[in-house]
Amino acid sequence: MGLSILFAEQKGERFTMAEGAEKTKSSKRKKIALDPKLAEYRGIWVFIEQEEGIAHPVSWELLGRARYLATTLEVEVAAVVFGESQEKVEKITAEALSYGADKVYQVVDPALCDYRSDPYTDCLVNLVRKYKPEILLLGATALSRDLASSVATLLETGLTADCTELSIDVESRSLEATRPTFGGSLLCTILTLNYRPQMATARPGVLPIPTAEPGRKGIVIREQMQIDEEKILTKVLSFIPEPYKTAEKLSTAEVVVGGGRGLKQPGHFALLRELADLLGGEVGGTRPVVQAGWLEAERQIGQTGKTIRPKIYIAVGISGAIQHRVGIEKAGMIVAINSDPNAPIFDYADIGIVGDFLEIIPALIRVLKKRQSTKTELHAKDKPFEIELK
Ligand SMILES: Cc1cc2nc3c(=O)[nH]c(=O)nc-3n(C[C@H](O)[C@H](O)[C@H](O)COP(=O)(O)OP(=O)(O)OC[C@H]3O[C@@H](n4cnc5c(N)ncnc54)[C@H](O)[C@@H]3O)c2cc1C
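What counts, and where the lines are drawn
- Residues numbered from 1 in each chain as written.
- Predicted model: local features only at pLDDT ≥ 70, side-chain atom pairs only at ≥ 80, totals over all residues.
- Heavy atoms only, no water.
- Helix = DSSP H or I, 4+ residues; strand = E, 2+ residues; numbered from the N terminus.
- Buried < 20%, exposed > 50% of the residue type's maximum accessible area, 1.4 Å probe, protein only.
- Contact = heavy atoms within 4.5 Å.
- Areas by Shrake-Rupley, 256 points an atom, 1.4 Å probe, with all protein chains shown as cover.
- Near = heavy atom within 4 Å.
- Pairing = 2+ DSSP bridges.
- Axes fitted to C-alpha atoms, helices over the stretch in contact; angles between N-to-C directions.
- Phe/Tyr/Trp six-rings, centres within 6.5 Å; stacked < 30°, edge-to-face > 60°.
- Core = buried A, V, L, I, M, F, W, Y, C linked by side-chain atoms within 4.5 Å.
- Polar contact = N/O pair within 3.5 Å; in protein donor to acceptor, adjacent residues only side chain to side chain.

### Overview of the overall build of the chain
Regarding its fold elements, the chain presents ten helices and 19 strands. Here the chain holds 390 residues, and the buried ones make up 49% of them. Of all intrachain contacts in the chain linking residues separated by at least 6 positions in sequence, the fraction that spans at least 24 positions is 65%. Accessible surface computed for the chain: about 19,400 Å², of which carbon and sulfur atoms make up 52%.

Shown next, in the form of structure tokens:
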């Protein structure tokens, strides 16, 4: 299959794992002449994930990254939009163009209403075979991970799942797809050198959404596919939308207050909720508290949970394990409250408060309430932020 070289990156060093952990620097890798068959593949595609006519934000994150990669490769960016009605597909097409796509490949068919592996896979595989993109990117969501794996299998190419970084190795024109591995203790950069397209899914929330340019124009290619509903084994009986889209709220919140095992009992999350509400934010937590049933699974932050990029992340009673860190390191500012001065979270927090959260959080809440009631500006420079511990 497509996996050619596996690099691991730790503390700035790179070494090949596939070749017996022999150390090598990326700059020393020899220039690889592309096989003429591979050179036929050109352009970067992003599959635009949509449900009920609404695109998943990860698609726009990917279009932003694709635009950056395309500049290095000097190629075009294309979006792929499937749907059951021309109207819905046109709406998403316009959005895709505004977020930076140069071209949009559309497939409209009633069978593409709700996501099902079979018709979506067939349509995407047929498009790839016809137009030959060099790189195909999808979101690392439940839907697109299912689609990506079946498409990669049929195309017999390499797929790197759940990437947190995507870049280009200029010498070989290869996609460098980086993802955490070995329980998050290593970051691996994986290249697909001898197969096309190079495929990757990227974790929602790790890449910024580019600024949209409404009205931006591009080329639209409408493709007809022969889809026989009779031959599709999966039938959707009903579609139940998520009643409360915690995942989305967490990834777009400007302030997130995260709780860990240091909270000692689930009832203490009420304090975190109160603080988050006062700051207009959301509550999240570590894996142990989710596993203990103190918090809904959708609120887990970290390697096996959500990646967030709030302006402020307040970590309360959280030790700061690497698996949690990967989910919060894109935050603008990390404030850590922990009673252990040697907790690893203090190695990367911007503001560290050593102490018992049961004293600090209520004191913070008191200050914020007082400021709200007197309508003073939280950020006013002449008013220092003082908290009084009782
Ligand atoms: C494959 C794999 C995937 C994982 N994925 C994730 C993931 O997605 N997200 C995640 O978070 N973890 C994940 N983990 C678990 C991770 O390794 C850590 O175990 C976890 O993050 C630790 O959670 P914690 O900080 O809540 O608990 P602990 O490590 O137990 O830390 C609790 C902290 O609270 C502090 N504390 C105690 N009392 C107080 C007090 N009164 N006031 C203030 N501070 C106090 C302690 O000093 C301590 O630092 C994963 C692990 C594996 C193996």
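### Regarding the site of the ligand
Surveying the vicinity of the ligand reveals 26 residues, the closest of which are Arg 261, Thr 286, Thr 304, Ser 319 and Asn 338. Protein contact buries 78% of the 980 Å² of open area that the ligand shows by itself. Those elements that place two or more of their residues in the shell around the ligand are helix 8 (287–291) and helix 9 (322–328).

### Digging into the sheet that holds strand 14 (residues 219–223)
Strands pair in a sheet through their backbones, by hydrogen bonds, and they do so in one of two ways: parallel or antiparallel. Pairing is parallel in the open sheet, where seven strands are placed in the order 9-13-8-3-6-7-14. A strand with exactly one partner marks an edge of an open sheet, and here the two such strands are strand 9 (159–163) and strand 14. Sheet twist, expressed as the average angle between the axes of neighbouring strands with direction ignored, equals 20 degrees. Here strand 3 (residues 44–47) runs beside strand 8 (residues 135–139); their pairing, made up of three bridges, is parallel. Paired with Trp 45 across the bridge in strand 8 is Leu 136. Sitting on the sheet, helix 3 (residues 86–98) touches strand 6 (77–83), strand 7 (103–108) and strand 14, and the angle it makes with strand 7 is about 165 degrees. Strands strand 3, strand 6, strand 7, strand 8 and strand 14 of the sheet are contacted by helix 4 (residues 117–131), whose axis makes an angle of about 150 degrees with strand 6.

### With respect to the packing of aromatic side chains
Summed over all chains, the structure comprises seven aromatic pairs. With centroids separated by 4.8 Å and ring planes inclined at 15 degrees, the aromatic side chains of Trp 60 and Tyr 99 adopt a geometry described as stacked. In this pair, Trp 60 is assigned in helix 2 (residues 57–73) and Tyr 99 in the loop between helix 3 and strand 7, connecting sequence segments 39 residues apart. As far as burial versus exposure is concerned, Trp 60 and Tyr 99 are alike and both buried.

### Brief notes about the nonpolar core
Residues Ile 44, Ile 48, Trp 60, Leu 63, Leu 137, Leu 166 and Leu 175 are the most contacted members of the largest nonpolar core, which totals 33 residues. For this core, the secondary-structure elements that each account for two or more residues are strand 3, helix 2, strand 6, helix 3, strand 8, strand 10 (165–169), strand 11 (174–181) and strand 13 (198–202). For this core, the element with the highest residue contribution is helix 2, accounting for seven residues. Contacts of Ile 44, omitting those with residues within four sequence positions, involve Ala 66, Leu 69, Ala 70, Leu 73, Val 75, Glu 76, Val 77, Ala 78, Ile 135 and Leu 137. Judged by nonpolar contacts, the second largest core, of 25 residues, contains Leu 124, Val 151, Ala 152 and Ile 221.

### Quick word on the environment of Glu 229
The topology assignment puts Glu 229 in the loop between strand 14 and helix 6 (246–252). Residue Glu 229 is classed as partly exposed on the basis of its relative accessible area of 33%. Glu 229 has contacts with Ala 111, Arg 116 and Lys 235, leaving out every residue within four places of it along the chain. Of the polar contacts made by the side chain of Glu 229, one reaches the side chain of Arg 116; its length is 3.0 Å.

### Here's the deal with the sheet that holds strand 16 (residues 282–285)
One open sheet holds the five strands; their spatial order is 16-15-17-18-19, and the pairing between them is parallel. The strands lining the two open edges of the sheet, one partner per strand, are strand 16 and strand 19 (351–354). Each neighbouring strand pair of the sheet contributes to a mean axis angle of 20 degrees, computed without reference to strand direction. Alignment of strand 17 (residues 312–316) against strand 18 (residues 333–338), held across five bridges, turns out to be parallel. Within the sheet, the bridge partner assigned to Tyr 313 lies in strand 18 and is Ile 334.

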